[in-house]
Amino acid sequence: MHRLWPPHEAGSVDRAELERLYGYPEDRSQWLAMNFVSSVDGAVEVAGRSRGLSNAADREVYPLGSSLADVVLVGASTAIIEEFRGIELDERQTELRARHGLAPVPRIAVVTSGRSLPPDAPVITEAQVPTIVITCDAAPATLREDWEAAGAEVLVAGHDSVDFAAATSALAQRGLKRMHCDGGPRLFGSLLEAGAVDELRLTLSPMLVSGTAERIAHGTGIDPADLTLASVLAQDDTLMIRYLINK
């Protein structure tokens, strides 16, 4: 894997440097990194799933985000579609977390208004540590009780819809300040609208997809946000790009 940007640091990148690039700043009270893989023409899925876009280069950097995180955020629809069951760590990832003084397994925080997350969803029932369900007051009380009965911790933020600024602040107050977000596009759009995203980690897969696939962010829209290019890595025609969001 080679670094293309910044130009003065161009050259081969070893594992230690990858960990530094895809880690989290220690001097921030909270940091949310958004992660996506997309085709060159902007599609975020092939045949309905993102895994069709992933490749060896993406699989080298993508796990670092969750391996070094305190919590992994995911939208309920994405969790259901991708059959998400939480983070399964291999021996190297387990050693990495221990070396950085992190909990053995990152928490999962799944976001839902209530309609799209059944209590028996694998993201709740098969996670290694209790999943946090982030929802709002509008979610039926009986459903919240069912999530808790299934083993989840329920975090209510907002009234008619989820207040994402309050939700991420509440996670940080629980000591979960390193936040890795897997999307999908609607969750990314909502987090952007709340001003909660600090970094975009985008793998550009060397594919053209066309069709009607979604873009990486979808929502009511924001004033265009200025970005700072933090790093660009390349491997096997794939680009791994990191942008910091200027606030």
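Calculation notes
Residues numbered from 1 in each chain as written. Predicted model: local features only at pLDDT ≥ 70, side-chain atom pairs only at ≥ 80, totals over all residues. Heavy atoms only, no water. UniProt positions renumbered as here; feature names shortened; annotations may be inferred. Helix = DSSP H or I, 4+ residues; strand = E, 2+ residues; numbered from the N terminus. Rg over C-alpha atoms; globule rule 2.2 N^0.38 Å. Buried < 20%, exposed > 50% of the residue type's maximum accessible area, 1.4 Å probe, protein only. Contact = heavy atoms within 4.5 Å. Areas by Shrake-Rupley, 256 points an atom, 1.4 Å probe, with all protein chains shown as cover. Lys, Arg positive; Asp, Glu negative; His and termini not counted. Charge placed at Lys NZ, Arg CZ, Asp CG, Glu CD. Polar contact = N/O pair within 3.5 Å; in protein donor to acceptor, adjacent residues only side chain to side chain. 1 Å grid on protein atoms, 1.4 Å probe; cavity = no way out; pocket = protein on both sides within 12 Å on 5 of 7 lines; lining within 4 Å. Points joined across faces, edges and corners; volume = space filled by probe spheres on them. Nonpolar A, V, L, I, M, F, W, Y, C, P; charged D, E, K, R; others polar. Expected span 1.5 Å × (residues − 1). Core = buried A, V, L, I, M, F, W, Y, C linked by side-chain atoms within 4.5 Å.

The chain carries the name Pyrimidine reductase, riboflavin biosynthesis in an unreviewed UniProt entry, which gives Saccharopolyspora flava as its organism. The Pathway (unreviewed entry) field of the UniProt record for the chain holds the comment "Cofactor biosynthesis; riboflavin biosynthesis."

Undergrad: Give a description of the overall build of the chain that names residues and reports values.
TA: Each helix and strand in the chain was counted, giving 8 helices and 11 strands. Compactness check: the chain gives a C-alpha radius of gyration of 18 Å against a globular reference of 18 Å for 247 residues, within 12% of the reference. Reported as C-alpha extents along the three principal axes, the dimensions of the chain are approximately 55 × 45 × 35 Å. The buried share among the 247 residues of the chain stands at 47%. For the chain, the proportion of contacts with a sequence separation of at least 24, taken over those separated by at least 6, is 68%. In the structure as shown, the chain presents an accessible area of about 11800 Å², 51% of it carried by carbon and sulfur atoms. Side chains of the chain give 22 positive and 35 negative charges; the mean places of these two sets differ by 2 Å.

Undergrad: Run through the side chain of asparagine 55, naming residues and quoting values.
TA: Mapped onto the elements, asparagine 55 comes out in the loop between strand E3 (31-39) and helix H2 (56-67). A polar side-chain atom of asparagine 55 sits 3.2 Å from the main-chain amide nitrogen of alanine 57. A distance of 2.8 Å separates polar atoms of two side chains, one belonging to asparagine 55 and the other to threonine 238. Filtering out sequence-adjacent residues up to four positions away, asparagine 55 remains in contact with Ser205, Pro206 and Thr238.

Undergrad: Quick rundown of empty space enclosed by the protein? Include the residues and the values.
TA: Scanning the model with the defined rule gives 1 cavity of 30 Å³ or more in all. One number sums up the size of the largest cavity: a volume of about 30 Å³. For the lining of the largest cavity, the per-class residue count stands at 6 nonpolar, 2 polar and no charged.

Undergrad: For the UniProt feature "domain: Bacterial bifunctional deaminase-reductase C-terminal" (unreviewed entry) in the chain, give the residues involved together with the corresponding values.
TA: Annotation from UniProt places "domain: Bacterial bifunctional deaminase-reductase C-terminal" (unreviewed entry) at residues 31-235. Along residues 31-235 the backbone is 29% helical and 23% strand, and the end-to-end C-alpha distance reaches 27 Å.

Undergrad: Tell me about H2, residues and numbers included.
TA: For an α-helix, 3.6 residues make a turn, and residues three or four places apart therefore share a direction. With 12 residues, H2 extends 17 Å from end C-alpha to end C-alpha; this agrees with the ideal 16 Å at 1.5 Å per step. Looking at H2, one finds that the buried residues are Ala57, Asp58, Val61, Leu64, Gly65, Ser66 and Ser67. Taking the backbone nitrogen of alanine 57 as reference, a side-chain oxygen 3.2 Å away marks asparagine 55 as the first, capping residue of H2.

Undergrad: Which residues make up the nonpolar core, and what values do they have?
TA: Considering soluble globular proteins, one finds that nonpolar side chains tend to be buried as a cluster. In terms of nonpolar packing, the biggest core is built from 31 residues, with Met34, Leu73, Ile134, Leu171 and Leu191 touching the most fellow members. Looking at this core, the elements with two or more residues in it are E3, strand E4 (71-75), strand E5 (107-111), strand E6 (132-135), helix H7 (164-173), strand E8 (178-181), helix H8 (185-193) and strand E9 (199-205). In terms of residue count, the dominant contributor to this core is H7 (5 residues). With sequence-adjacent residues up to four places away left out, leucine 171 is seen in contact with Val71, Leu73, Ala109, Ile132, Ile134, Leu155, Leu176 and Met179.

Undergrad: Residue-level account of the side chain of glutamate 82, with values.
TA: Assignment of secondary structure puts glutamate 82 in the loop between helix H3 (76-81) and helix H4 (91-99). A polar contact of 3.1 Å, which involves the side chain of glutamate 82, links it to the backbone nitrogen of serine 50. If we skip the residues at most four places from it in the chain, glutamate 82 touches Arg49, Ser50 and Arg51.

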